[in-house]
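Observations on the three-dimensional arrangement
Below are the chains, spelled out letter by letter.
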Amino acid sequence: MRALGLIETVGYTTAVSAADAAVKAAAVEIIGIEKVIGVSGYLGVTIQLGGDVGAVQAAVDAGKTEGERVGKVISANVIARAHDDVNGKLLSLFNLNNKTVQKELETNNNPKSKKTTKTKNQEKDKAIDEAQKEIKPNDE
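The paragraphs below set out a description of the structure included in this document. Predicted model, so just to flag it, every value in this text is computed and none were measured.

1. Points about helix α1 (residues 12-25)
- An ideal rise of 1.5 Å per residue puts 20 Å on 14 residues; α1 measures up with 20 Å between its terminal C-alpha atoms.
- Among all positions in α1, only T14, A15, S17, A18, A19, A21 and A22 are buried.

Below is the structure:
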């Protein structure tokens, strides 16, 4: 990978829209996804893109523009030549080739595991609600 592009959004729909625009705009690939509860009190999703520097810059610009049209983009950045430690030690935790990430995607897309997915989604929703309560004080 010659360049790393990052687009951080609030919400999954914004992230999908930004990622779609990014990969359509230039010859890049989505190399990772990171989901974090608590970004602006909501679910934050960071899309990681890889490819040539010019292509990644064009993709990030297009993804940021589309993300802002759909929802909220927290940040967007291109790192021309990420250090090997960034790629190997940090990004590998969120890489789509990571077996844990692949298993989560398979579980969420497997019709036989809908009960498990439903339970996991309920747990995630509860965690999101609790995180939002901690970040945003009640107006009572």
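2. Section: the pattern of salt bridges
- Throughout the structure, instances matching the rule amount to three salt bridges.
- Taking the shortest distance from any N to any O, the salt bridge between K24 and D20 comes out at 3.0 Å. In this pair, K24 and D20 are both assigned in helix α1, four residues apart and thus about one turn of the helix distant.
- With relative accessibility at 63%, the residue K24 sits in the exposed group.
- Among the ionic pairs, E66 bridges to R69, the shortest N-O distance being 2.7 Å. In this pair, E66 and R69 both sit in helix α2 (residues 53-70), three residues apart, roughly one turn of the helix.
- E66 sits in the partly exposed class, given a relative accessible area of 22%.

3. Comments concerning the packing of α1 against α2
- It is at 7 Å that the axes of α1 and α2 come closest, and there the two elements cross at 145 degrees. Here α1 runs over α2; the crossing is right-handed. For the pair α1 and α2, the contacting residues are T13, T14, S17, A18, A21, A22 and A25 in the first and A58, A59, A62, G63, E66, G67 and V70 in the second.
- Grouping the constituent residues of the contact of α1 with α2 by class yields eight nonpolar, five polar and one charged.

Procedures and definitions
Residues numbered from 1 in each chain as written. Predicted model: local features only at pLDDT ≥ 70, side-chain atom pairs only at ≥ 80, totals over all residues. Heavy atoms only, no water. Helix = DSSP H or I, 4+ residues; strand = E, 2+ residues; numbered from the N terminus. Expected span 1.5 Å × (residues − 1). Buried < 20%, exposed > 50% of the residue type's maximum accessible area, 1.4 Å probe, protein only. Salt bridge = Lys/Arg side-chain N within 4 Å of Asp/Glu carboxyl O. Axes fitted to C-alpha atoms, helices over the stretch in contact; angles between N-to-C directions. Left-handed = near helix turned anticlockwise from the far one by under 90°. Contact = heavy atoms within 4.5 Å. Nonpolar A, V, L, I, M, F, W, Y, C, P; charged D, E, K, R; others polar.

None of the figures reported here should be taken as evidence of function without further support.
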